[in-house]
Amino acid sequence: MPSLGTSFGRGGATDFQQDLQNSDCIVIQGSNMAENHPVGFQWVMEAKERGAKLIHVDPRFTRTSAMADLHVPIRAGSDIAFLGGIVNYILENERDFREYVIPYTNAATIVNEDFADTEDLDGLFSGWDSEHGVYDPSTWQYEGMTAKSAAGSRAQGGRSGGGEQSHGAHGAGLSSGQPPSRDPTLEHPRCVYQVLKRHYSRYTPEMVERICGVPREQLIEVAEALCANSGRERTSAFAYAVGWTQHTVGVQYIRTAAIIQLLLGNIGRTGGGILALRGHASIQGSTDIPTLFNLLPGYLPMPDAEAHQTLDDYIEEHRPPAGFWGHTRSYTVSLLKAWFGDAATEENDFCFEHLPRLTGDHSHYATSFEMRDGKVDGYFVMGQNPVVGTANSKLHRLALAELKWMVIRDFSENETAAFWYDSPEIESGERSPETIGTEVFFMPAAAHVEKDGAFTNTQRLLQWHDKAVEPKGDCRSELWFTYHLGRRIREKLAGSEDPKDRPVLDLTWDYPTEGAHGDPDAEAVLKEISGYRLSDGGAVSGYTELTDDGSTACGCWIYSGSYADEVNQAARKKPGQEQNWLALEWAWAWPMNRRILYNRASADPEGRPWSERKKFVWWDEGEGRWTGYDVPDFVATKRPDYVPPEGAEAEEALRGDDPFIMQADGVGWLYVPAGLQDGPLPTHYEPQESPLPNPLYGQQVNPTRQEFPRPENAYNPVDGQPGAGSFPYVMTTYRLTEHHTAGGMSRTVPFLSELQPEMFCEVSPELAAERGLEHGGWATVVTMRQAIEARVMVTERIAPQTIDGQRIHTVGLPYHWGGKGVVKGDSANELLSIVLDPNVHIGEYKAATCDIRPGRRPRGQARLELVDSYRAQAVEGSGPE
Amino acid sequence: MSSAEVTVIETPAWPDTYGSDAKPRVGFFTDTSICIGCKACEVACKEWNGVPATSYEFTGHSYDNTGDLGADTWRHVAFVEQRLPVGGVAEGAPDSFVAEAHRQEVLERSGIEAERDGEGMRWLMASDVCKHCTHAACLEVCPTGSLFRTEFGTVVVQQDICNGCGYCVPACPFGVLDRRDGDGRVWKCTLCYDRLGDELEPACAKACPTKSIQFGEHDELRARAQERVERLRADGLAEARLYGEDPGDGVGGAGAFFLLLDEPEVYGLPPDPVDTTRDLGEMWKAAGLAAGAIAAGVLASFAGGSR
């Protein structure tokens, strides 16, 4: 979550869903909350009951739109233009919450005079290196700061996905030098406020209409609703999900919302915030204690193979002079002590050299291409079904066929497990079970009711669940599997003198086990994550107790305190009815059980609530501490008028009115001087595959997007290229309430399968007429990658738009189906290409181009020939048929 | 109307036949104005009651693929897509001539009236269920006593008694009662009779995330429904109405009633449901008189003939 991380300091939703009931205006964009978060959506309904205005911005009219006061149909892939239009409206009309903006954001900070904006360079920022396709971000820095040649430039020098992007998960460090210059009058031409104003000046209602297809009146209506419902007395919230993240500029989509919310003073306040609605259970947890290649637990960056030879190298780079990241050494050393125990000593750098190092982009997609090229031997697939859930299904199947072995753990044999005998390539004869050498080990998995553990939900809340029943047969938990796999490997390596085996042998791998199958004790794992003192083994109370001398161990510093007082805090279950709406005694939220992040900003610089109505956390002069409804996200006794003494470090170097305590300068970042690959300010670019030119800049697409131009990942030609006319329609993929992601937990369940039994596509009556599609009949959707079939749903819920005189049609595709399960169907992800956001390597699933034609798709070899006919047009230049 | 004016509706067999075992009458108030169409009610109902899945076919009826209430669908969510004018937005849009020309072209070529920019959508969603009528024809016509009225005032089929005669099927004015294929017996919503006995709310109401399905004591729900509909009307939803709440309707009021945002027909509900046994007494009386007259005539003719 580098967007939220760079803007505010932490990569997590700033608010919690229950608090939406206190919002005066809610904008849901890039999310279909009613369908995909129906339980959380009750709080949106509650806000509506209390009179809040609900706005849904989406290409489709969905079950969320049905509940909204206003649905704004936007062209898929144009959200930055729309949000930029709101920023422009706020700035042009001076509707920002100035008393909040000046002290709490970097609006007043002066930017380096060498910085040049996309408005000056036709869609590029200064520092563009066209040879390597990356930016040198040094000119983006604040005035008076010398940009470090740190992770940023190294990562951007071709090691896409290296240190820098993980840095983005939290506020990037500001380099040393003079404190940044500020102009509180906001008049300096190079202050962030003025830079912002110039950058968005062309994002007028008229321009928004031209790009997004949204009538200008609607843009103004949304902007006005937000302005009218922000300030001292009122607050507005944004909720987004993968409708924003899954774009080649996804991080910048979210950044634009962050700018709006900072300008309107909605961060850190009740009823405000940005809710990152996660795709499924514990996705937040999977970045907190990451399954990502470039992060260590708690958003500590993964060390780099060249730059980080020693712990000091690593700390030097990642420790900013101020804010809580100033304790990076304590967090890192405690992590190393948790993992390597007694083997980790001051003398050996606490086994820092045992940590894996980044040598390049090892993200999921990059690894799949490596696999396709025969460079990967083995693959663990746990809780994932990549041939249904990931763009370009065929590429993944071809890659799996090059492995020596694959271990797959799931509830039932899914499409990925069956790829070697049941797939379109088997049907077409391109591959056969006889020639695929991959040995597949299918391991049955226990469901969540069959194991102890915690989910970390969308609002950073760790909720413990107890095992209700024993898993059947050979089904086992992930914890069991991982623990015993590690145990067996360690047994095999025991006594080895080979240095490469040392990290595995030095691991602390001594969890108590219980039951007939030797299940590791999940609470013991939680305690290790939360942290303990090595002297007496007692649990620490929180991350402020962690040390850098090896006397504490902590598996994930942001989760520190989840086992405070030797109590599983995540297992607390005091009912909501017996508490206020924060329910602080229900489960445990990171950090330190705070429910609204940066809540110091709910009070004015002097520590008084902005208003009685929005009172939340405030300074109690009598008690000499911060108090309120929530756990203050601030040093509890730091006075509002505190000014750091010379030479202060970490949080002590931040003022008493600096609410963004993870940021090196203590404020929210409207402008991001370091930490992002694609620029300090969000800029509208078209998707990789778009039927339209970018009317704002000569630069059509995000210049730093990550492309994989290979035959098996061919991109649809776009405007001006041969064959562009073959793919005239926009396509977008999405989920339905009735199914869960790639279907492993829903297409196997009859009660869910019957609710949405067949793959379908949604088209407007006008597109149906244009292409001869019949409601209830079949259609074939084609891209350069594949052709799939779907039942036709003709509906006015998916309306065409007129953009610059051109009629733009969108084909809507839910993506849940595959070849296994109670109900079967083609996968929408067969159609998509792999092209990624440069910061997080997330693919562009939400906007691409396609063709659609009536009737079922051809079978076997003929299916290949159909796709080939389109590919031929991309070379020769005319349409198919 | 205030809640004080809502009176308890007694059913023919409740509470009197239960004496001191009678419990307050319970029911559902389904407020469709806040239904988000998640179908959690359908799934929770099937999970709890062990109702089998129906068919796996795409119906094309918006997002509804289970079709209708029946032996295997005791909660059913209807989806109704409507296009409504929202006014104002389309006027003056710079591309409106192009769009209009395009629409005309589509209309001429295909006969399809394409949507107009600025027209608003409305997507109605409503979870339907057995109405647990005050005057329940199904129960009246059941020859085995399988259908009975519980101590909670609800109407339940006892599967161990049902002989599958099917008399109740046409008797139901809502088309709820239905025989299960391959089984022959009638199955329908029990208002989770087993859960009520344990003081648990029915599964559908428990699962509903927005409290669109509200379970409770009947008179209290009716008061709540009155307040809600009045508020929605005051907010400008002139078409908001209660359905099945009125004791003066053809079934004497339903135990499970609804707040709708449009005509009942729009949701597939009968506009004026009538207890099909309501006139039986009159009919039997008339039939009896007719039979008597015929018998008298026959006797007279025999009397005459003996001569």
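As the structure is a computational prediction, the values presented were derived from the model and not from experiment.

(A) Highlighting the overall build of chain A. Of the regular secondary structure elements, chain A holds 26 helices and 31 strands. Its C-alpha atoms give chain A a radius of gyration of 26 Å, within 12% of the compact-globule value 29 Å for 881 residues. C-alpha atoms of chain A, sized along the principal axes, occupy 80 × 70 × 55 Å. Expressed as a percentage of its 881 residues, the buried residues of chain A come to 60%.

(B) Local environment of the overall build of chain B. Scanning chain B from terminus to terminus reveals 8 helices and 8 strands. Put simply, of all contacts in chain B between residues at least 6 apart along the chain, 67% involve residues at least 24 apart.

(C) Main features of the environment of B:Q226. As for its placement among the helices and strands, B:Q226 is situated in helix 7 (residues 218–234). It is 29 Å that separates the C-alpha atoms of B:Q226 and B:D64, two residues lying 162 residues apart in sequence.

(D) Main features of the pairing of strand 6 (residues 236–240) of chain A. Residues and elements named next belong to chain A. In terms of burial, strand 6 is largely enclosed, as 5 of its 5 residues are buried. Taking every second residue as pointing to the same face, both faces of strand 6 are buried, with S236, F238 and Y240 on one and A237 and A239 on the other. The sheet contact formed by strand 1 (residues 25–29) and strand 6 spans 4 bridges and is parallel. Each bridged residue has a counterpart across the sheet, and for V27 the counterpart in strand 6 is F238. Relative to strand 7 (residues 274–276), strand 6 is paired through 3 bridges, and the arrangement is parallel. Note that in strand 7 the partner of F238 across the bridge is I274.

(E) Representation of helix 5 (residues 79–92) of chain A in the model. Residues and elements named next belong to chain A. In this model, helix 5 (14 residues) spans 20 Å end to end at C-alpha, consistent with the 20 Å of a helix rising 1.5 Å per residue. Across the 14 residues that make up helix 5, a large majority, 13, are buried. Just past helix 5, the residue E94 takes up positive phi, approximately 50°.

(F) Looking closely at the domain arrangement of chain A. Looking at chain A, the domain boundaries give domain 1 (2–278), domain 2 (602–659) and domain 3 (706–876). The distance between the C-alpha centroids of domain 2 of chain A and domain 3 of chain A comes to 51 Å.

(G) Looking closely at the sheet that holds strand 19 (residues 588–589) of chain A. Taken in spatial order, the 3 strands of this open sheet run 13-14-19 (chain A), and their pairing is antiparallel. Each edge of the open sheet is held by one strand with a lone partner, namely strand 13 (453–456) and strand 19 of chain A.

(H) Spatial organisation of helix 9 (residues 192–199) of chain A. Within helix 9 of chain A, burial applies to A:V192, A:Y193, A:V195, A:L196 and A:H199. Angular distribution of buried residues about the axis of helix 9 of chain A spans 165°; they occupy a single face of the element.

(I) Seen up close, the interface of chain B and chain A. At the interface, 39 residues of chain B touch 43 residues of chain A. Residue assignment for the side of chain B that touches chain A shows that the elements contributing at least two residues are helix 1 (40–49), strand 2 (75–85), helix 2 (96–110) and strand 3 (119–129) of chain B. A per-element tally of the side of chain B that touches chain A places helix 2 of chain B first, with 6 residues.

(J) The nonpolar core, seen in detail. With 195 residues, the main nonpolar core has A:I26, A:V87, A:I90, A:L226, A:I260 and B:C138 as its most contacted residues. When sequence neighbours within four positions are dropped, the list of residues in contact with A:L226 reads A:C25, A:V27, A:I86, A:S236, A:I260 and A:L264. In terms of nonpolar packing, the next biggest core, distinct from the first, is built from 64 residues, A:V381, A:V388, A:I788 and A:V867 among them.

(K) Structural view of the packing of helix 5 of chain A against helix 10 (residues 205–212) of chain A. All names here are of chain A. One can describe the packing of helix 5 onto helix 10 by two numbers: an axis separation of 9 Å at closest approach and a directional angle of 170°. Compared by their axis directions, helix 5 and helix 10 come out roughly antiparallel. Counting all contacts with helix 5, which are made through A81, F82 and G85, the residues of helix 10 involved are P205, V208, I211 and C212. When its residues are assigned to classes, the contact of helix 5 with helix 10 shows 6 nonpolar, 1 polar and no charged.

(L) View of the domain arrangement of chain B. Domain parsing of chain B yields domain 1 (28–85 + 124–276) and domain 2 (281–307). Centre-to-centre separation of domain 1 of chain B and domain 2 of chain B, based on C-alpha positions: 45 Å.

(M) Focus on unusual backbone geometry. In this model, A:W590 is joined to A:P591 through a cis peptide bond whose omega is -5°. One can find A:P591 in the loop between strand 19 and strand 20 (617–620). Cis geometry is found at the peptide bond from B:W14 to B:P15, where omega equals 0°. Considering the arrangement of structural elements, one finds B:P15 in the segment before strand 1 (26–31).

(N) Structural detail: the pairing of strand 26 (residues 787–794) of chain A. Residues and elements named next belong to chain A. Taking burial as the measure, the 8 residues of strand 26 include 7 buried ones, the bulk of the element. Strand direction decides the pairing type here: strand 24 (residues 760–763) and strand 26, joined by 4 bridges, are parallel. Among the inter-strand pairings, E762 is bridged to a residue of strand 26, identified as M793. Pairing between strand 25 (residues 778–782) and strand 26: 5 bridges, direction antiparallel. What sits directly across from T780, in strand 26, is E789. From the end of strand 25 to the start of strand 26, which pair antiparallel, there are 4 residues.

(O) Focus on the sheet that holds strand 2 (residues 53–57) of chain A. Residue and element names in this part refer to chain A. Ordered in space as 3-2-1-6-7, the 5 strands form an open sheet in which the pairing is parallel. Where the open sheet ends on each side, the last strands, each with one partner, are strand 3 (70–72) and strand 7. Across this sheet, the average inter-strand angle for adjacent strands is 15°, counted without regard to direction. Sheet strands in contact with helix 11 (residues 216–228) are strand 1, strand 2, strand 3 and strand 6, and its direction is about 135° off that of strand 1.

(P) Expanded view of the packing of helix 17 (residues 364–372) of chain A against helix 19 (residues 393–400) of chain A. Residues and elements named next belong to chain A. One can describe the packing of helix 17 onto helix 19 by two numbers: an axis separation of 7 Å at closest approach and a directional angle of 50°. Relative to helix 19, the element helix 17 is oriented oblique. By crossing handedness, the relation of helix 17 to helix 19 is classed as left-handed. On helix 19, the residues touching S368, M371 and R372 of helix 17 are L395, H396, L398 and A399. Considered class by class, the residues forming the contact of helix 17 with helix 19 number 4 nonpolar, 2 polar and 1 charged.

(Q) Inspection of the environment of B:C165 at higher detail. Position of B:C165 relative to the elements: it lies in the loop between strand 5 (155–157) and helix 4 (168–171). Residues B:C165 and B:G184 lie 19 residues apart in sequence; the distance between their C-alpha atoms is 8.3 Å.

(R) Fine view of the environment of A:Y193. All names here are of chain A. In this structure, Y193 sits in helix 9. Look at Y193 and you get buried, because 25 C-beta atoms sit within 10 Å. Remark: the alpha-carbon pair of Y193 and T139, spanning 54 residues in sequence, is separated by 17 Å. The contact partners of Y193, leaving out residues within four places of it in the chain, are A107, A108 and L186.

(S) Here's a closer look at the confidence of the model for chain B. Confidence in the prediction for chain B averages 87 pLDDT; 84% of positions are at 70 or higher. This prediction of the complex comes with two scores: 0.93 for pTM and 0.92 for ipTM.

The rules we used
Residues take numbers from 1 onward in each chain, read along the sequence in its written order. Labels follow written order: the first chain is A, the first ligand is 1, and so on. Where local features are concerned, this predicted model is filtered to residues with pLDDT of at least 70; where side-chain atom pairs are given and counted, the filter is 80 or more; whole-chain, interface and lining totals use all residues. The helix and strand labels rest on DSSP assignments: H or I over at least four residues marks a helix, E over at least two residues marks a strand, and numbering proceeds from the N terminus. Every radius of gyration here is taken over C-alpha atoms, with the globule rule written as 2.2 Å times N^0.38, N being the number of residues. Using C-beta atoms placed from the backbone, we call a residue buried if 20 or more other C-beta atoms fall within 10 Å of its own, exposed if 12 or fewer do, and partly exposed for counts in between. This entry defines residue contacts through backbone-placed C-beta atoms, with two residues in contact when those atoms are within 7 Å. For two strands to count as paired, DSSP must find a minimum of two bridges between them. By definition here, a helix of n residues has an expected span of 1.5 Å times n minus one. How far each domain reaches was decided by an automatic or database domain assignment. By definition, the arc is the one covered by directions from the helix axis to the C-beta atoms. Note on terminology: a nonpolar core is a set of buried residues of type Ala, Val, Leu, Ile, Met, Phe, Trp, Tyr or Cys, with members joined through C-beta atoms within 7 Å. Interaxial angles span 0 to 180 degrees and are taken between N-to-C directions of axes, which are lines fitted to C-alpha atoms, for helices over the stretch in contact. By definition in this entry, angles of less than 35 degrees are roughly parallel, angles greater than 145 are roughly antiparallel, angles of 65 to 115 are roughly perpendicular, and the rest are oblique. Amino acid classes used here: Ala, Val, Leu, Ile, Met, Phe, Trp, Tyr, Cys and Pro are nonpolar; Asp, Glu, Lys and Arg are charged; the rest, including Gly, are polar. In this scheme, a crossing is called left-handed if the near helix is turned counterclockwise away from the far one by less than a right angle; it is called right-handed if the turn is clockwise. Per residue, pLDDT captures the predictor's confidence, and it can take any value from 0 to 100.

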